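Each chain is listed here by its residues.
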Amino acid sequence: MAISLDKLMGFHHKALQVRTERMEVIAGNLANADTPGYKARDIDFQKVMQSAQYARNHNLTRTNENHIKGSMKGIGELQYRIPHQPDTGDGNTVDVQIERNTFLDNGLRYQAGMEFLNGKIKGMKKALKGGQG
């Protein structure tokens, strides 16, 4: 019986990819906190992972480059964040506190995902060595 690394780690690898992309988007929001007219953006992690789970369960493949459009780098759909603060007059929707908290939360979840994958890899290495090590 062959071992499928994609089945073992594929979904968790996808989660790390989405978290990495999300950190870049949030960092961009923070960098543009004082840019007039800048609209804060984010990736809906839950929506992207539900889509990935559906695709994994249904083996969806793209038969044409124009199919399944709207994703950023194939990772997730980029959306504008709904502002929680009143408009300051310059049209910027970045709330620095929310962005920092979201960045921190995403970073912690990324680290937890890495630890989980490391455990999977260690377990596989142990199984390949016959339980030694």
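Owing to the predicted nature of the structure, the values given are computational and were not obtained by experimental measurement.

About the cut-offs
- Residues numbered from 1 in each chain as written.
- Predicted model: local features only at pLDDT ≥ 70, side-chain atom pairs only at ≥ 80, totals over all residues.
- Heavy atoms only, no water.
- Helix = DSSP H or I, 4+ residues; strand = E, 2+ residues; numbered from the N terminus.
- Buried < 20%, exposed > 50% of the residue type's maximum accessible area, 1.4 Å probe, protein only.
- Contact = heavy atoms within 4.5 Å.
- Areas by Shrake-Rupley, 256 points an atom, 1.4 Å probe, with all protein chains shown as cover.
- Phe/Tyr/Trp six-rings, centres within 6.5 Å; stacked < 30°, edge-to-face > 60°.
- Lys NZ or Arg CZ within 6 Å of the ring centre and 35° of its normal.
- Polar contact = N/O pair within 3.5 Å; in protein donor to acceptor, adjacent residues only side chain to side chain.
- Expected span 1.5 Å × (residues − 1).
- Salt bridge = Lys/Arg side-chain N within 4 Å of Asp/Glu carboxyl O.

**Student:** Explain the overall build of the protein to me, using residue names and the numbers behind them.
**Tutor:** Counting its regular elements, the protein contains three helices and two strands. Reading the helices (α) and strands (β) of the protein from amino to carboxyl end gives α-β-α-β-α. Buried residues in the protein amount to 26% of all 133 residues. For the protein, long-range pairs separated by at least 24 residues make up 79% of all intrachain contacts whose partners lie at least 6 apart in sequence. For the protein, the accessible area works out to roughly 9400 Å², and carbon and sulfur atoms hold 54% of it.

**Student:** Run through the packing of aromatic side chains, naming residues and quoting values.
**Tutor:** Throughout the structure, instances matching the rule amount to zero aromatic pairs. Lying across the ring of Phe 45, Arg 19 places its NZ or CZ 3.7 Å from the centre.

**Student:** So what about the side chain of Asn 92? Which residues, and what values?
**Tutor:** Mapped onto the fold, Asn 92 is located in the loop between strand 2 (78–80) and helix 3 (96–128). Among the residues examined, Asn 92 registers a relative accessible area of 5% and is labelled buried. Here Asn 32 takes part through its backbone oxygen, which lies 3.0 Å from a polar atom of the side chain of Asn 92. Side-chain polar atoms of Asn 92 contact the backbone oxygen of Thr 35, separated by 2.6 Å. Apart from residues no more than four positions distant in its own chain, Asn 92 is found in contact with Asn 32, Ala 33, Asp 34, Thr 35, Gly 37, Tyr 38 and Gln 85.

**Student:** Got a sec to walk through helix 3? Specific residues and values, please.
**Tutor:** Because an α-helix completes one turn every 3.6 residues, residues spaced three or four positions apart along the sequence face the same direction. Over its 33 residues, helix 3 extends 48 Å from the first C-alpha to the last, a length consistent with the 48 Å expected when each residue adds 1.5 Å. Taken together, the buried positions of helix 3 are occupied by Glu 99, Thr 102, Asn 106, Leu 117 and Met 124. Looking at the residues trailing helix 3, positive phi occurs at Gly 130, about 80 degrees.

**Student:** I'd love a proper account of the pattern of salt bridges, names of residues and values included.
**Tutor:** For the coordinates displayed, the defined rule picks out four salt bridges. Between Asp 42 and Arg 81 there is a salt bridge, with its nearest N and O atoms 3.1 Å apart. Highlighted residues: Asp 42 in strand 1 (residues 41–43) and Arg 81 in the loop between strand 2 and helix 3, separated in sequence by 39 residues. By relative accessible area, which is 17% here, Arg 81 ends up buried.

**Student:** Go over the environment of Glu 24, please, and point to the residues and values.
**Tutor:** Inspection of the secondary structure assignment puts Glu 24 in helix 1 (residues 5–31). Its relative accessible area of 48% is what places Glu 24 among the partly exposed residues. Distance in space between the C-alpha atoms of Glu 24 and Asp 42 is 9.6 Å, their sequence separation being 18 residues.

**Student:** Go over the environment of Glu 21 with me, naming the residues and quoting the values.
**Tutor:** One can find Glu 21 in helix 1. Between the C-alpha atom of Glu 21 and that of Leu 78, which follows or precedes it by 57 residues, the distance is 10.0 Å.

Interpretation note: all reported values are geometric properties and have no functional meaning in isolation.
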